[in-house]
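# Remarks on the overall topology
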Amino acid sequence: MPQTARPHSRPLSQTKAAAHRVRGLDLDKPRPTAAGWALIMLYFGVPAMLIGALIDIVIQLASGECVGLWCWLFR
């Protein structure tokens, strides 16, 4: 004869603790994924690089001397 599933009855103290669980599994704290870190770097890195490039161009136009990363890369 097949057995049927019965709902479990737990004491009140265990029910409060179980309310913080999802189907018996403890969930970790949320944290950024690899895609999240890539988007953060893109969001902050690209504008910082553009501002740095503009500063290099202004210094080059003002002094006539090439300084900065672009001059070092294209020599």
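What counts and how
- Residues numbered from 1 in each chain as written.
- Predicted model: local features only at pLDDT ≥ 70, side-chain atom pairs only at ≥ 80, totals over all residues.
- Heavy atoms only, no water.
- Helix = DSSP H or I, 4+ residues; strand = E, 2+ residues; numbered from the N terminus.
- Buried < 20%, exposed > 50% of the residue type's maximum accessible area, 1.4 Å probe, protein only.
- Patch = residues over 30% accessible without salt bridge, like charges linked within 9 Å, V, L, I, M, F, W, Y side chains within 5 Å.
- Areas by Shrake-Rupley, 256 points an atom, 1.4 Å probe, with all protein chains shown as cover.
- Salt bridge = Lys/Arg side-chain N within 4 Å of Asp/Glu carboxyl O.
- Expected span 1.5 Å × (residues − 1).
- pLDDT = per-residue confidence, 0-100.

Next up on the list: the overall build of the chain. When its secondary structure is counted, the chain shows three helices and zero strands. Each helix and strand of the chain, placed in order from N terminus to C terminus, yields the pattern α-α-α. Within the chain, the fraction of its 75 residues that count as buried is 4%.

A surface patch of nonpolar side chains, about 760 Å² in accessible area, is lined by Met49, Leu69, Trp70, Trp72, Leu73 and Phe74. It is helix H3 (residues 69–73) that contributes the most residues to the nonpolar patch, four residues altogether. Structurally, the position occupied by tryptophan 72 is in helix H3. For tryptophan 72, a relative accessible area of 63% puts it in the exposed group.

Compared with the 44 Å implied by 1.5 Å per residue over 30 residues, the 42 Å span of helix H2 (residues 34–63) between its first and last C-alpha is a close match. Once H2 ends, the next one or two residues include glycine 64, with phi positive near 80°.

Right, let's get into the side chain of aspartate 56. Take aspartate 56: it is sitting in helix H2. By relative accessible area, which is 17% here, aspartate 56 ends up buried.

It is worth spelling out the confidence of the model for the chain at this point. For the chain, per-residue confidence averages 78 on the pLDDT scale, and residues scoring 70 or more make up 68% of the total. By mean pLDDT, helix H1 (residues 12–18) is the weakest element of the chain at 57, and H2 is the strongest at 92.

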